[in-house]
Amino acid sequence: LPGTLLSGVAGVVFEDTNNNGKKDKGEPTIPDTYVSVDGSRVTANDKGRYFSRGINSFREISVVVDSSAFSDPTLQARYPRTSVVVPGNHYAVYN
């Protein structure tokens with residue numbers, strides 16, 4: 001739409017080995033994980049990074065991590081579902 005500001009969501013799926021809620025040096029990433037961003041499924045790359053572009057700005061966006069595909073079945077997403085509001089022409093980074 002003309003005049004519509006589009007944004008995106010990006011993040012890294014990783015194993016939080018020290019349980020501090022953030023990605024620290026040396027913590028392993030979890031590649032090939034499915035992440036739903038605003039209802040669209042994206043797949044984390046070989047470095048655990050995912051990107052979703054072309055999202056309408058200034059509204060609540062749902063981000064859901066599908067831990068059922070983790071290679072280690074004992075791992076669970078700490079925050080399997082969250083919401084973000086992305087300003088116009090920006091990326092929200094969710095790790």
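Residues numbered from 1 in each chain as written. Predicted model: local features only at pLDDT ≥ 70, side-chain atom pairs only at ≥ 80, totals over all residues. Heavy atoms only, no water.

*Asks:* Just give me the short version of the overall build of the chain, but keep the residues and values in it.
*Replies:* In terms of regular secondary structure, the chain is built from zero helices and seven strands. What you see in the chain, going N to C, is helices and strands ordered as β-β-β-β-β-β-β. Taken over the C-alpha trace, the chain has a radius of gyration of 14 Å; the compact-globule value for 95 residues is 12 Å, and the two agree within 12%. Taking the principal axes of the C-alpha coordinates as reference, the chain spans close to 45 × 20 × 20 Å. Summarising the internal contacts of the chain: among those between residues at least 6 apart in sequence, 56% fall at separations of at least 24. A total accessible area of about 6,000 Å² is found for the chain, and carbon and sulfur atoms account for 50% of it. Each charge sign in the chain was given a centre, from 10 positive and 10 negative side chains, and these centres are 6 Å apart. (Helix = DSSP H or I, 4+ residues; strand = E, 2+ residues; numbered from the N terminus. Rg over C-alpha atoms; globule rule 2.2 N^0.38 Å. Contact = heavy atoms within 4.5 Å. Areas by Shrake-Rupley, 256 points an atom, 1.4 Å probe, with all protein chains shown as cover. Lys, Arg positive; Asp, Glu negative; His and termini not counted. Charge placed at Lys NZ, Arg CZ, Asp CG, Glu CD.)

*Asks:* Please give an account of the side chain of S67 that cites residues and values.
*Replies:* Positionally, S67 belongs in the loop between strand 5 (60–66) and strand 6 (81–85). Here S67 is in contact with L75, Q76 and A77, once residues within four sequence places are set aside.

*Asks:* I'd like a rundown of unusual backbone geometry, residues and numbers included.
*Replies:* Of note, D32 is a non-glycine position whose phi angle comes to about 60°, a positive value. Checked against the element boundaries, D32 lands in the loop between strand 1 (6–12) and strand 2 (34–37). Of note, D38 is a non-glycine position whose phi angle comes to about 55°, a positive value. Mapped onto the secondary structure, D38 falls in the loop between strand 2 and strand 3 (40–43).

*Asks:* Can you break down the packing of aromatic side chains residue by residue, with the values?
*Replies:* The description of an aromatic ring pair rests on the distance of the ring centres and on the angle between the ring planes. Under the defined criterion, the tally for this structure stands at zero aromatic pairs. Of note, R41 hangs over the ring of Y34, and the distance from its end group to the ring centre comes to 3.6 Å. (Phe/Tyr/Trp six-rings, centres within 6.5 Å; stacked < 30°, edge-to-face > 60°. Lys NZ or Arg CZ within 6 Å of the ring centre and 35° of its normal.)

*Asks:* Quick rundown of the pairing of strand 2? Include the residues and the values.
*Replies:* Only one face of strand 2 is covered, namely the face carrying V35 and V37; the face carrying Y34 and S36 is uncovered. In textbook terms, the turn of a hairpin is the stretch between consecutive antiparallel strands, and for strand 2 and strand 3 this stretch comprises two residues, one of which, D38, has a positive phi near 55°. One ladder, built from four bridges, connects strand 2 with strand 5; its direction is antiparallel. Considered in strand 5, the bridge of S36 is made with V64. (Buried < 20%, exposed > 50% of the residue type's maximum accessible area, 1.4 Å probe, protein only. Pairing = 2+ DSSP bridges.)

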